[in-house]
Amino acid sequence: QVQLVESGGGLVQAGGSLGLSCAASGSRFIIDVMGWYRQAPGKQRELVATITRGRATDYADSVKGRFTISRDSAKNTVSLQMNSMKLEDTAVYYCYVYYNFQSLWGQGTQVTVSS
């Protein structure tokens, strides 16, 4: 069973930067896609960014140019560097992996942007 361990998150002022990391362990299969989703209070969970084993990336329009996703496939880790953060980036951020036709999300880490 794959386990996801997220780190990072916390409180940051608007305009500041924050980084998130996630390590996946226990997979017998190649992890095809790694990424991040987020869910703000009262809203549905939404995709933030994903990255494939081939380094192809996909970003939500709201974070393009501000967030950067990267991964280390050898270590099964994925990171999200968040710059120029906005109040609307406040949410619980979930690590995401897709492997062997399965999707899995982590427990989530809170990111709060203050004015």
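Cut-offs applied
- Residues numbered from 1 in each chain as written.
- Predicted model: local features only at pLDDT ≥ 70, side-chain atom pairs only at ≥ 80, totals over all residues.
- Heavy atoms only, no water.
- Helix = DSSP H or I, 4+ residues; strand = E, 2+ residues; numbered from the N terminus.
- Buried < 20%, exposed > 50% of the residue type's maximum accessible area, 1.4 Å probe, protein only.
- Disulfide = S-S within 2.5 Å.
- 1 Å grid on protein atoms, 1.4 Å probe; cavity = no way out; pocket = protein on both sides within 12 Å on 5 of 7 lines; lining within 4 Å.
- Points joined across faces, edges and corners; volume = space filled by probe spheres on them.
- Nonpolar A, V, L, I, M, F, W, Y, C, P; charged D, E, K, R; others polar.
- Phe/Tyr/Trp six-rings, centres within 6.5 Å; stacked < 30°, edge-to-face > 60°.
- Lys NZ or Arg CZ within 6 Å of the ring centre and 35° of its normal.

Caption draft 1: Spotlight on unusual backbone geometry. Phi is positive for S84, which is not a glycine, with a value near 50°. Its place among the elements puts S84 in the loop between β8 (77–82) and β9 (91–99). A residue is classified by how much of its surface remains accessible, and S84, at 41% relative accessible area, is partly exposed. The phi dihedral of F101 falls on the positive side, at around 65°, and the residue is not glycine. With respect to the helices and strands, the residue F101 is situated in the loop between β9 and β10 (102–105). By relative accessible area, which is 74% here, F101 ends up exposed.

Caption draft 2: Fine view of the state of the cysteines. Enumeration according to the criterion identifies 1 disulfide in this entry. With a sulfur-sulfur separation of 2.0 Å, C22 is cross-linked through a disulfide to C95. On the S-S bond that ties C22 to C95, the torsion sits near -85°, and the link is left-handed. In this pair, C22 sits in strand β3 (residues 18–25) while C95 sits in strand β9, placing the two residues 73 residues apart along the sequence. When its relative accessible area of 2% is taken as the criterion, C22 is described as buried.

Caption draft 3: View of the layout of surface pockets. In this structure, the largest pocket spans a volume of roughly 160 Å³. Every residue along the wall of the largest pocket is listed here: R38, Q39, A40, K43, Q44, E46, S62, E88, T90 and A91. Taken together, the residues of the lining of the largest pocket sort by class into 2 nonpolar, 4 polar and 4 charged.

Caption draft 4: Quick look at the packing of aromatic side chains. Within the structure shown, the criterion is met by 3 aromatic pairs. Judged by centre distance (5.1 Å) and plane angle (50°), the rings of Y96 and W105 are tilted. Put simply, the rings of Y37, Y96 and W105 touch in pairs and so form one group of aromatic residues. Above the plane of the ring of Y94 lies R45, whose end atom (NZ or CZ) is 3.8 Å from the centre.

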